[in-house]
Amino acid sequence: MSRSTPHISRPTLPRSADLLVVGSGIAGLSFALKAAREGRVLVITKKSRADSSTNWARGGIAAGLGPDDDPTLHLKDTLATGGGLSRPDRVEMVAREGPDRVRELIDWGVRFHREGGRLSLGREGGHSRRRIVRAGDRTGREIERALLAAVAASPEIEVVQHLMAVDLLVEEGACVGVTALDPGDGEPVELRAPVTLLATGGAGQVYRHTTNPTVATGDGVAMAFRAGAPVANMEFVQFHPTALYPTRDPAFLITEALRGEGAVLRRLDGAPLMEGVHARGSLAARDVVARTIHTELARSGQSHVLLDVSAIPEDQFAVRFPGALEGCRAQGVDPYEEGIPVVPAAHYFCGGVVTDEWGRTRIPGLFAAGEVACTGVHGANRLASNSLLEAVVFSHRAVLALQRARDEGGQPRQGWPESQVEATLRLAQARLAGSGTSAPSEGLDALRLRLRDLMWASVGIVREGSGLETALEEIEEMLAAAGDGRTVEAVELRNLLEVSRLVVASALHRRESRGLHYRSDHPEPDDAHFLSDTVLTRG
Ligand code: SIN
């Protein structure tokens, strides 16, 4: 992809709004659609409006809507996956409110698949029921399409593309908007609003192999951390077991729903990979499957394993998994000829900016929703297809909080009490050289690639203390060398480095294995010392 920034002359660039939204995925757009009842909404996005992780989501959105299902079972499955760190009150809320949020998506025009008039529900790992509402294996694309159409029809919402937020504007302790990078001349512009929602998505681009789009550079987490907001659980990075091999950038995700319909992971010699590893076989939790593939590749020296789809009738494959078929064909793979070659790739950050149950961060006026947030739902391991759900539930609750504040004549900018979150680690502000224009000693692209290789090798599926320490030193060095240039590429690089530093510091702190975080030097969970969130604040 080209990462050059188009010159856009924009004489009418709005400089203020009642509500500012940073990011145009499901969290940002669903918030904007509801918040439009409260005032003028400005949505900014650093690329074009559909460049979001939502657009790439394949599986679907989990909700207890089936005849044999209910929110209590969804709650139970989510807690069982979360490694002891999911907050039962938050999960209960998401499971209970989720079905209504899915109905709202349908009202906004999302066309989920139906069978006999009812929603067709898929199964994914860790779910005890068929619960995944989907649109083939391109669910995110359908949601994004419908939300963008609804936003386009809403006169209160303005979407400005190719405008990258660089830092939060904080005055007297409250967030009053952002500074953004004018792509025309690289000068910072101030966008002011009494309420800002961070909906910038995740940070998969810190890894060499990722299913995340190139925009997923952790901008929201880095901005919030720099502004002093607590950030939690950054060590819990989900690696999806089945990205199409060889991986491209981003890697093509082969949906877990295929394994939900009977596809089986095999070694290259044909032996079933997960036999004897886990009772649920190929549909075991993602961390277990990804680690088994990682170990198998290290043992055998092979480059990939195979997903055998022969249990799924060929005519159904084409109808239910058109995305997988298209992705395979684009890489010259016939799924029924040889199986689908797959490897794990970084997929989802469970950690992020800490919020309360209304999506409020510690900084008054600043909300966060979607992958950028740490709401307490995912804990140490995210249950498949819970992320789109969490995003819509918290965006909705953020709007409710604003309405409540308005009705009570109070301040929508209220934060929550300091006492709610204890810092585990305080990290000093990253050292940066320069005065606004300095270029790195090494090219930006070269540094970005070096970081992604380092994170993949030392902070990936299996981690170990001395490798993490060396990685942290190298990241600090790269931060000092990154310069402070004012281009999208330079800001993204600094954010990637900042987020990587948070991941490594958290992973070093957690001297145990839990959920998605596996340390070969501490392979067991240690509840006595680590049954709690890792909360980072700027020292
Ligand atoms: C998938 O389709 O396998 C991904 C779904 C998710 O990450 O929740």
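To be clear, the structure that these remarks concern was listed above.
Residues numbered from 1 in each chain as written. Predicted model: local features only at pLDDT ≥ 70, side-chain atom pairs only at ≥ 80, totals over all residues. Heavy atoms only, no water.

### Focus on the sheet that holds strand β11 (residues 188-192)
The strands that make up a sheet are held in pairs by hydrogen bonds between backbone atoms, and each pair lies either parallel or antiparallel. Pairing in this open sheet of 3 strands is antiparallel, and the strands run β9-β10-β11 from one edge to the other. In the strand order of this sheet, the two ends are held by β9 (164-171) and β11, each with one partner. When strand polarity is set aside, the average angle formed by the axes of neighbouring strands in this sheet is 30°. With 5 bridges connecting them, strand β10 (residues 174-181) and β11 associate as antiparallel partners. Bridging from a neighbouring strand, Ala 180 pairs with Val 189 of β11. Set on the sheet, helix α14 (residues 488-509) makes contact with β9 and β10; between it and β9 the angle comes to about 65°. (Pairing = 2+ DSSP bridges. Helix = DSSP H or I, 4+ residues; strand = E, 2+ residues; numbered from the N terminus. Axes fitted to C-alpha atoms, helices over the stretch in contact; angles between N-to-C directions. Contact = heavy atoms within 4.5 Å.)

### Structural notes on a negative patch on the surface
A cluster of like negative charges, contributed by Glu 314, Asp 315, Asp 334, Glu 337 and Glu 338, occupies part of the molecular surface. Among the secondary structure elements, those contributing two or more residues to the negative patch are α8 (314-320) and α10 (335-338). Mapped onto the elements, Asp 334 comes out in the loop between α9 (322-330) and α10. (Patch = residues over 30% accessible without salt bridge, like charges linked within 9 Å, V, L, I, M, F, W, Y side chains within 5 Å. Areas by Shrake-Rupley, 256 points an atom, 1.4 Å probe, with all protein chains shown as cover. Salt bridge = Lys/Arg side-chain N within 4 Å of Asp/Glu carboxyl O. Lys, Arg positive; Asp, Glu negative; His and termini not counted. Charge placed at Lys NZ, Arg CZ, Asp CG, Glu CD.)

### Re the site of the ligand
Around the ligand sit Arg 58, Gly 59, Glu 124, His 240, Leu 253, Thr 255, Glu 256, Arg 286, His 347, Arg 382, Ala 384 and Ser 385, and that is every residue in its neighbourhood. Thr 255 places a side-chain nitrogen or oxygen 2.6 Å from an oxygen atom of the ligand. Arg 286 places a side-chain nitrogen or oxygen 2.9 Å from an oxygen atom of the ligand. Grouping the constituent residues of the shell around the ligand by class yields 2 nonpolar, 5 polar and 5 charged. (Near = heavy atom within 4 Å. Polar contact = N/O pair within 3.5 Å; in protein donor to acceptor, adjacent residues only side chain to side chain. Nonpolar A, V, L, I, M, F, W, Y, C, P; charged D, E, K, R; others polar.)

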